[in-house]
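Spelled out, the chains give:
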Amino acid sequence: MTWLNLFDRVSWREFVKVDAVFLAAVISILALGMVMVSSASISISESIHGHPYFFMRRQLLYLVLGLAFGWLLLSLPTSQLQQWGILMMGLSLILLILVLVPGIGKSVNGSRRWINLVVFNLQASEVAKVCMVVYVSGYLVRRADRVRESWVGFVLPLCLCSIFLLFLLFEPDFGASVVLLGTVMVLLFLGGAPLYQFLLLMVAAVCMLGVVAISESYRLKRLLNFIDPWADPFNEGYQLSQALIAYGRGEWFGLGLGNSVQKLAYLPEAHTDFVFSIWVEETGMFGGLLLICLFALMVARAFKIGHKAMALSRPFAGYMCFGFAILILAQVIINIGVNTGFLPTKGLTLPLISYGGSSLIITLGSLFVVARVDVENRRLEYGDNTDSSGASDVKRVGNE
């Protein structure tokens, strides 16, 4: 079997029938993301690279790569992803190990999280999160009875997840660890794990993360500064206090696109982790609520697509949709929580909005997989096939 035989092309006619609200939300968020990277990065781009639109051009390149990667995944049957679950998990674990190897892993601001691929820096944790969702989705199908009836079936994927968490904490990447563990736990709960097991594990996880959070002095400082950033506004609390100033400047309707003051070397990471603060400064409270509503629509429709897959007896596809939706939702909540001072400062990007190749490409790939699930749902439910490959795919997804 050649590589080409693994793919099953989705025609343009099928693609445009994908959930319209889901597609509209994704396209709108991507457009706003390009606008905000262009606006928020002008000052730092000029000072570092001597050109105001360096980061905007790079983000546009990442967008093209992400769309190409996503279109490739759109042509890959979900049954194939199910077969590759264990392999994907193993490869992502290798990436997490390689990123810690000197000469391979790239260190930025004291964290070793990236592998230089020339065109962009691959963040291993982004790959690990998506691969873990694919693996756990397959596990919930293969071991459904064990997950629901025994502690072993419930704990086994968490033991595997703990290995990933260990390497993530070595980087260190505490934010990705929280997102990964939370996503796996929610998937297990959706897979039918008893409530008492879920609650006991949640208490244990919170205690464990609490110990990890206070085990390093810099993490403890972040916790204390998030509670009262104005106690040290020019040192440890500087980033959050500047973000809060951006909200104050934005008021209800904002200063207008491009008119942010905080992005002019006042707010660090204005085009990455704190891009939401610049967005609210320029578009106001209504702009912030609009973006939150777009994310809510996108996540809700992904859940709806997953629910439809479950109703069509396609549990693997359904769990994948749930997992990808939870990943995005968790990152949005944490990023906006950090930006607004409700959560301690963490290095998590805002999906599809923040500057960064790994986050944009991997997130787009996961969303195209959700679109693929919707295409297969429609083929199975309505027999909506436009070519011979579509007919064979109906047979495959029906036997998933």
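Given the structure is predicted, the values throughout are model-derived calculations rather than measurements.

Scoring rules and cut-offs
- Residues numbered from 1 in each chain as written.
- Predicted model: local features only at pLDDT ≥ 70, side-chain atom pairs only at ≥ 80, totals over all residues.
- Heavy atoms only, no water.
- Helix = DSSP H or I, 4+ residues; strand = E, 2+ residues; numbered from the N terminus.
- Contact = heavy atoms within 4.5 Å.
- Core = buried A, V, L, I, M, F, W, Y, C linked by side-chain atoms within 4.5 Å.
- Buried < 20%, exposed > 50% of the residue type's maximum accessible area, 1.4 Å probe, protein only.
- Salt bridge = Lys/Arg side-chain N within 4 Å of Asp/Glu carboxyl O.
- Expected span 1.5 Å × (residues − 1).
- Polar contact = N/O pair within 3.5 Å; in protein donor to acceptor, adjacent residues only side chain to side chain.
- Phe/Tyr/Trp six-rings, centres within 6.5 Å; stacked < 30°, edge-to-face > 60°.
- Pairing = 2+ DSSP bridges.
- Axes fitted to C-alpha atoms, helices over the stretch in contact; angles between N-to-C directions.
- Patch = residues over 30% accessible without salt bridge, like charges linked within 9 Å, V, L, I, M, F, W, Y side chains within 5 Å.
- Areas by Shrake-Rupley, 256 points an atom, 1.4 Å probe, with all protein chains shown as cover.
- Parallel < 35°, antiparallel > 145°, perpendicular 65-115°, else oblique.
- Left-handed = near helix turned anticlockwise from the far one by under 90°.

**Q** Please clarify how the overall build of the protein should be interpreted in this entry.
**A** When helices and strands are tallied, the protein shows 17 helices and 3 strands. Relative to all contacts within the protein whose residues are 6 or more apart in sequence, the contacts with residues 24 or more apart total 71%.

**Q** I tried to follow the nonpolar core on my own but got confused; where do I start?
**A** One broad rule of soluble globular proteins: the nonpolar side chains tend to lie buried together. Within the largest apolar cluster, 109 residues are counted, with the highest numbers of intra-cluster contacts made by Phe22, Phe295, Met298, Phe324 and Leu350. Among the elements that take part in this core, helix 15 (residues 315-340) stands out by supplying 15 residues, more than any other. Setting aside residues up to four positions removed in sequence, Phe22 forms contacts with Met298, Arg301, Ala302, Ile305, Leu367, Val370 and Ala371.

**Q** Before we go on, may I ask you to explain the pattern of salt bridges in this structure?
**A** Charged atoms that come close allow side chains of opposite charge to pair. The final tally for this structure, using the stated rule, is 10 salt bridges. Close ionic contact of Lys129 with Glu126 constitutes a salt bridge, the shortest N to O distance being 3.6 Å. Of the two residues, Lys129 and Glu126 are both situated in helix 7 (residues 124-142); the distance of 3 residues between them amounts to about one turn of the helix. Assessed through its relative accessible area of 2%, Lys129 is described here as buried. As a salt-bridge pair, Glu282 and Lys263 come within 3.3 Å of each other at their nearest N and O atoms. With Glu282 in helix 14 (residues 275-311) and Lys263 in the loop between helix 13 (238-250) and helix 14, the pair connects residues that are 19 residues apart, well separated along the chain. Look at the salt bridges and you will find they share partners, linking Asp8, Glu14, Arg314, Arg372, Glu376 and Arg379 into a network.

**Q** For this particular structure, what's the right way to read helix 2 (residues 20-40)?
**A** Count 3.6 residues to each turn of an α-helix, and residues three or four apart come out pointing the same way. An ideal rise of 1.5 Å per residue puts 30 Å on 21 residues; helix 2 measures up with 30 Å between its terminal C-alpha atoms. Capping the start of helix 2, Asp19 holds a side-chain oxygen 3.1 Å from the backbone nitrogen of Val21, two or three residues further along.

**Q** Help me out: how do you make sense of the packing of aromatic side chains in this one?
**A** Any pair of aromatic rings gets described here by the distance separating the centres and the angle formed by the planes. Throughout the structure, instances matching the rule amount to 14 aromatic pairs. Taking the centre distance of 5.1 Å and the plane angle of 25 degrees together, the rings of Phe253 and Phe286 count as stacked. Remark: Phe286 occurs in helix 14 and Phe253 occurs in the loop between helix 13 and helix 14; sequence separation between them is 33 residues. Taking relative accessible area as the criterion, Phe286 reaches 45% and is therefore assigned partly exposed. Connected via pairs of aromatic rings, a cluster forms that spans Trp12, Phe15, Trp71 and Phe368.

**Q** Please explain the sheet that holds strand 3 (residues 121-123) as it appears in this structure.
**A** Two modes of strand pairing occur in sheets, parallel and antiparallel, and in both the strands are linked by backbone hydrogen bonds. Read from one edge of the open sheet, 3 strands run 1-2-3, paired in antiparallel fashion. The open sheet is flanked by strand 1 (105-108) and strand 3, the only strands paired with a single partner. Looking at each pair of strands side by side, their axes are set apart by 50 degrees on average, direction ignored. Pairing of strand 1 with strand 2 (residues 111-116), which is carried by 4 bridges, proceeds in the antiparallel orientation. For Ser107, the partnering residue across the bridge sits in strand 2 and is Arg112.

**Q** What exactly am I supposed to notice about the pairing of strand 2 here?
**A** Sheet faces and side chains relate simply in a regular strand, where the side chains alternate between the two faces. The pairing of strand 2 with strand 3 spans 3 bridges and is antiparallel. Across the sheet, residue Trp114 finds its bridge partner in strand 3, namely Gln123.

**Q** Explanation requested: the side chain of Ser92 in the structure shown.
**A** When you line up the elements, Ser92 lands in helix 6 (residues 85-98). From its side chain, Ser92 meets the backbone oxygen of Met89 in a polar contact 2.7 Å long. Non-local contacts of Ser92, meaning those with residues more than four positions away in its chain, are made with Val127, Ala128, Cys131 and Phe164.

**Q** How do you make sense of a nonpolar patch on the surface when you look at a structure like this?
**A** Residues Leu87, Leu91, Ile94, Leu98, Val101 and Ile104 make up a contiguous nonpolar surface patch of roughly 470 Å² in combined accessible area. Mapped onto the elements, Val101 comes out in the loop between helix 6 and strand 1. The class for Val101 is partly exposed, based on a relative accessible area of 31%.

**Q** Whenever I open this one, the packing of helix 2 against helix 14 confuses me. Can you help?
**A** Any two packed helices are characterised by how steeply their axes cross, that is the angle between the axes, and by the distance between the axes. Following both chains from N to C, one finds helix 2 and helix 14 inclined at 155 degrees, their axes separated by 9 Å at the closest point. By the angle class used here, helix 2 and helix 14 are roughly antiparallel. For helix 2 against helix 14, the interelement crossing comes out left-handed. Judged by residue contacts, Val21, Phe22, Ala25, Val26, Ser28, Ile29, Leu32, Met36, Ser39 and Ala40 of helix 2 engage Val275, Ile278, Trp279, Glu282, Leu291, Leu294, Phe295, Leu297, Met298, Arg301, Ala302 and Ile305 from helix 14.

**Q** I would appreciate a short explanation of unusual backbone geometry in the present structure.
**A** It is generally the case that most residues other than glycine have a negative phi and that most peptide bonds are trans. Residues other than glycine seldom take positive phi values, yet Ser313 does so here, at roughly 60 degrees. In this fold, Ser313 is placed in the loop between helix 14 and helix 15. We classify Ser313 as exposed; its relative accessible area is 53%. Even without being a glycine, Leu352 presents a positive backbone phi close to 70 degrees. As for its placement among the helices and strands, Leu352 is situated in the loop between helix 15 and helix 16 (357-382). Assessed through its relative accessible area of 3%, Leu352 is described here as buried.

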